[in-house]
Amino acid sequence: MEIYDVAIIGSGPAGLTAAIYASRANLKTVVTAGSKWGGQLMLTTTVENFPGFPDGIQGPELMEKMKTQAEKFGTKIIYEDATTVEKDGNLFAVNSYQAKSVIIASGANTMWLNLPNEQRLIGHGVSSCAPCDAFFFKGKKVAVVGGGDSAMEEALVLTKFASEVTIIHRRDAFRASKIMQERVLDNPKIKVMFNSRVTDVLGTDKVEGLKIEDCDLNENWKLKIENFPVDGLFVAIGHKPNDELLKNFPDYPNLPDGLFIAGDVIDAKYKQAITAAAAGCQAAMDAEKWLDNQPKNSE
Ligand code: NAP
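How each quantity is defined
Residues numbered from 1 in each chain as written. Predicted model: local features only at pLDDT ≥ 70, side-chain atom pairs only at ≥ 80, totals over all residues. Heavy atoms only, no water. Disulfide = S-S within 2.5 Å. Buried < 20%, exposed > 50% of the residue type's maximum accessible area, 1.4 Å probe, protein only. Helix = DSSP H or I, 4+ residues; strand = E, 2+ residues; numbered from the N terminus. Contact = heavy atoms within 4.5 Å. Salt bridge = Lys/Arg side-chain N within 4 Å of Asp/Glu carboxyl O. Core = buried A, V, L, I, M, F, W, Y, C linked by side-chain atoms within 4.5 Å. Domains from an automatic or database assignment. Nonpolar A, V, L, I, M, F, W, Y, C, P; charged D, E, K, R; others polar. Pairing = 2+ DSSP bridges. Axes fitted to C-alpha atoms, helices over the stretch in contact; angles between N-to-C directions.

Counted by the stated rule, this structure contains 1 disulfide. Here Cys129 pairs with Cys132 through a disulfide, and the sulfurs are 2.0 Å apart. In this structure the cystine formed by Cys129 and Cys132 twists about its S-S bond by roughly 65 degrees; its chirality is therefore right-handed. Judged by relative accessible area, Cys129 falls into the buried class, the value being 14%.

Shown next as structure tokens:
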């Protein structure tokens, strides 16, 4: 059986940057890319904040370039989901192959509202990343859904560009930290709709409005606004890390030697392509150093 030096799980910016560094360090590298490869950037349109692309780049094109760069240095890409990662003596078993070290960079998924037209309009007014997309809403009206720190932060970022930001929250109080709530409530551009929920996004090619319900004290929901006019909907109700494989290592963050983790799977704070890429680079360099220090013939 072929034994790799590094097996990387995940093919977003963290996984593919790790692959570029590992394969360029002459390590025999495999990426378990997933049946849907590329991570969250595959769902975005223009990326304007990734250094090196002053005119912006489409998310899928950026991922294609990262993959080509990794393959150029010898990385093997396998288009399957990693279902098992187990330490087996000195080696790790990942699905049907073995590796001396493993980098888990399985990413995270944005939690969406599951509205009928939400997925169709992602990149056309529906977003989950104000730092990435606020710029496109200069002078426009937007809404943010959520009541945690992420929603507060998204709303504050949006005020730098949008003419009006409405936060729509399902309860009568935010769960965000007091300081973030104060900043939001003190901002004249931000309006708040409590006890309200979005039930659909309206628009054919781009977001044009929202259907909104509100509730009374007994939580009876009823239609409040048939078409609340906005150009953008920012969903900020949390992220779900793809951490199923970490459950095999219950002592996390104390991991077995040779196992490294990078990117959004353990980053609930920054969640940016560039920070994930940096974490992938660090993990690959750590793996290389760790492999260098292993006695030869350890497998
Ligand atoms: P969060 O704290 O879990 O808040 C999620 C919010 O979304 C809650 O208000 C929740 O409502 C709402 N929500 C969840 N599912 C919903 C649904 N289906 N429909 C409508 N609303 C829904 O998540 P987060 O804001 O992403 O923050 C995650 C962690 O990162 C937190 O610990 C936070 O403090 C931290 N964080 C910190 C900063 C900062 O310090 N600057 C910035 C961002 C995040 P309910 O309140 O009703 O549950």
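Read on, since the account is not over.
Our focus in this paragraph is the environment of Phe234. As for its position among the elements, Phe234 is in strand S17 (residues 232-235). Judged by its relative accessible area of 0%, Phe234 is buried. Counting along the chain gives 24 residues from Phe234 to Gly258, while the straight-line C-alpha distance between them is 39 Å. When residues no more than four places from it in sequence are discounted, the contact partners of Phe234 are Ser127, Cys129, Ala130, Asp133, Ala134, Phe137, Val142, Ala143, Val144, Val145, Glu154 and Leu158.

For the coordinates displayed, the defined rule picks out 9 salt bridges. When the shortest N-O distance is used, the salt bridge between Asp5 and Lys100 registers 3.3 Å. Taken together, the residues span a long stretch of sequence, with Asp5 in strand S1 (residues 3-9) and Lys100 in strand S8 (residues 97-104) at a distance of 95 residues. One salt bridge connects Lys191 with Glu164, and the closest N-O pair in it is separated by 3.8 Å. You can see Lys191 sitting in strand S13 (residues 190-193) and its partner Glu164 sitting in strand S12 (residues 164-168), a full 27 residues away along the chain.

Ranked by internal contacts, the top residues of the largest apolar core, which has 33 residues, are Val6, Ile8 and Ile103. Those elements that place two or more of their residues in this core are S1, helix H1 (13-24), helix H2 (59-72) and helix H6 (273-292). Here this core gets 8 residues from one element, more than from any other, and that element is H6. Formed by 20 residues, the second largest nonpolar core is a distinct cluster that contains Phe137, Val142, Ala176 and Ile190.

Entries for the protein chain in the domain assignment read domain 1 (3-110 + 239-292) and domain 2 (119-235). Residue-level contacts link 8 residues of domain 1 with 10 residues of domain 2. There are 0 salt bridges connecting domain 1 and domain 2. For the side of domain 1 that touches domain 2, a count of residues per class yields 1 nonpolar, 5 polar and 2 charged.

A few words now on the sheet that holds strand S14 (residues 196-202). Within a sheet, adjacent strands bond to each other through the backbone by hydrogen bonds, running parallel or antiparallel. Here 3 strands make up an open sheet; going across it, the order is S14-S15-S16 and the pairing antiparallel. Each of the sheet's edge strands pairs with one partner strand only, and the pair in question is S14 and strand S16 (221-229). Recorded for the sheet is a direction-independent mean angle of 25 degrees between the axes of neighbouring strands. Here 6 bridges tie strand S15 (residues 209-215) to S16, and the two strands are oriented antiparallel to one another. If you follow Gly209 over to S16, its bridge partner there is Pro229.

This next bit is on the pairing of strand S7 (residues 91-94). Side chains of S7 alternate between two faces, with Leu91 and Ala93 and Phe92 and Val94 buried alike. Alignment of strand S6 (residues 85-88) against S7, held across 4 bridges, turns out to be antiparallel. Pairing of Glu86 across the sheet is with Ala93, part of S7. Between S6 and S7, which follow one another and run antiparallel, lie 2 residues, and Gly89 among them has a positive phi close to 70 degrees. The turn joining S7 and S8, which pair antiparallel and follow one another in sequence, is formed by 2 residues; a positive phi near 45 degrees is taken by Asn95.

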